[in-house]
Amino acid sequence: MNTSPYTIFGREYPCRYDAIVIGAGIAGLFCANILAKGGMKVLLLERHYMLGGFCSTFRRKGFIFDAATHFYPLLGNPTTLTGKLCKDLGIETEWARMDPVDQFHLPGLPPFQVPAELGPFIERLKQWFPEEAANIDNYFLELRQAYMYGLLYYFKGVSNDQAERLEKYSMLDKLNEHFRDERLKIILMADAPHWGSSPGSTSYVFDAMLRLSYFLGNYYPMGSSQKFADDLGKAFTDRGGKILKCAAADAILTEKGKAAGVRIHTVSKKDPEYFDFEAPVVVSNADALHTYRDLLGEEHRGDWMLQHLESLKPTFACFLTHIGLRGMDAKRLAEAEGYYWRTLDTSNIVRDVFKIFIPTHFDPSIAPPGCQILIVQRPTPKRVVDMQDYDAYKAEVHQSTMSRLRALLPEIDDHIVCASSASHHTSYRFTNNYQGAMLGWEMSPDQLGTRRLPLYTPVDNLYLTGHWTQPGGGITPVIVSAQRVARSILTGRDDGRELAEQYFTFNSMARAKDKAPGVERVQK
């Protein structure tokens, strides 16, 4: 058994740790920090050369572009669950609060700005739709209940009648129940594409939890998303943690049914080197299917496990266009920012909806002097495995995006310094997320709660964290998953292992029943 430290990329790394975290996305970074603060010797592995996963950046001609994630609820407010955690961990990131929270451009209506406070938002809705005033009050009364009971149910694991009553509904279900005016419904779901699914597929309770959290503070990290990820990394190493970047996990090592370490290889221009690190606890912040299919040995999972995971519906990937501008009129850009719907038809959300975001409104320092950054987000249902001509597809969507931008900002070509696009394939290549999914599995009513992949696994002392597991996708939920995993490890409460086995056993039985001769599955 090796006891000497390894020398990797010119630095020494001990071969043994108390815990190893695979993947330096936001959940992995938070989990590693909490474990290190709890006194554990932790190794954080990341196959990319940058930390953060979707919360990272890239540079072009002096511009710092956020690779994917652009806004962060709650983190700048120290009175909130996740804001307090950032303060407790000593995360140094400075936050700019967004006000307005968002802006919607809908057919037949003037631009609708969403105020940063809930009260003014509700009043603005009533001013625009006075005939729906009573319905608006009733809707937000129930939304607050869904918010509170949803937090208990999904974030705290506390069962309650209200959450269980409401968990079957989608966003669209409840909007149709409360309102008649289609324009009002669209305003209340105009930002639904950020869930990576349609309003008819997205959980009403889960949306309520995060929608109302925006009014406790929606923020942009000063210095870009990478600054936030790097601040998390610095806090971790200041606590004695070790980070090994450009290190891809090949296998989760086990011994007698328990996690025992991780085998990795280096990723660089040189030939790969292979190393085994030992630890009695392993946390995977990697893609869930990759973890079960590629990192675990066959003896710890059957084909039926993989079949179940492949049967779950992932969120859409996101097609992003990043543009560096020089000398654009700031007022014009502010007016253009927000979500655009070409029709009121929610079934065409993928084809018709896109969002313009201007991060330099909040932090001009991420662009050269006199310059601005414009980012367009578009959900795309295209699957990596279905891609036949990637370059042609990417060029087609890029040109379509630019055409829509030119219609809104005819002068934009005169100001472009650089422009590039990132598709689902880009997301998959850099993060290894299944199908390039933006938020893990879809947050539909039938893929949340006990029906979502547990934090625990059938292998003792192997845990999952991030958007593929409970409670779900989004910055706040993945931080909650990191907290819950770290708490289980630090307290020694590994009481969810049996639940993980039951999760797969139940779903394998359900699949077998669905496939049984003479059994017709009822479509929901």
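Source: prediction; values computed, not measured. (Residues numbered from 1 in each chain as written. Predicted model: local features only at pLDDT ≥ 70, side-chain atom pairs only at ≥ 80, totals over all residues. Heavy atoms only, no water.)

Caption draft 1: How the structure looks around the packing of helix α1 (residues 26-37) against helix α9 (residues 225-238). Viewed as axis vectors pointing N to C, α1 and α9 meet at an angle of 20°, and their least axial separation amounts to 9 Å. It follows from the interaxial angle that α1 and α9 lie roughly parallel. The handedness of the crossing between α1 and α9 comes out as left-handed. For the pair α1 and α9, the contacting residues are I26, L29, F30, A32, N33 and A36 in the first and F228, A229, L232, G233, A235 and F236 in the second. Class assignment for the residues of the contact of α1 with α9 results in 10 nonpolar, two polar and no charged. (Axes fitted to C-alpha atoms, helices over the stretch in contact; angles between N-to-C directions. Helix = DSSP H or I, 4+ residues; strand = E, 2+ residues; numbered from the N terminus. Parallel < 35°, antiparallel > 145°, perpendicular 65-115°, else oblique. Left-handed = near helix turned anticlockwise from the far one by under 90°. Contact = heavy atoms within 4.5 Å. Nonpolar A, V, L, I, M, F, W, Y, C, P; charged D, E, K, R; others polar.)

Caption draft 2: Expanded view of the sheet that holds strand β7 (residues 72-73). With antiparallel pairing, the three strands of this open sheet are ordered in space as β7-β11-β8. Across the chains shown, the open sheet's two edge strands, defined by having one partner strand only, are β7 and β8 (95-97). Examined bridge by bridge, β8 and strand β11 (residues 218-221) share three bridges and lie antiparallel to one another. If you follow R97 over to β11, its bridge partner there is Y219. Against the sheet, α9 makes contact with β7, β8 and β11, and its axis sits at roughly 80° relative to β11, the strand it touches most. (Pairing = 2+ DSSP bridges.)

Caption draft 3: Region of the structure containing the side chain of R211. Tracing the sequence through the fold places R211 in helix α8 (residues 204-213). Sequence-distant contacts of R211, that is, excluding residues within four places in its chain, are made with M171, L188 and D191.

Caption draft 4: Quick look at the pattern of salt bridges. Going through the model one piece at a time under the given rule, you end up with 22 salt bridges. Where D137 meets K126, a salt bridge forms, and the shortest distance between an N and an O atom there is 2.7 Å. Of this pair, D137 sits in helix α4 (residues 133-155) while K126 sits in helix α3 (residues 118-128), placing them 11 residues apart in sequence. Owing to a relative accessible area of 19%, K126 belongs among the buried residues under this scheme. (Salt bridge = Lys/Arg side-chain N within 4 Å of Asp/Glu carboxyl O. Buried < 20%, exposed > 50% of the residue type's maximum accessible area, 1.4 Å probe, protein only.)

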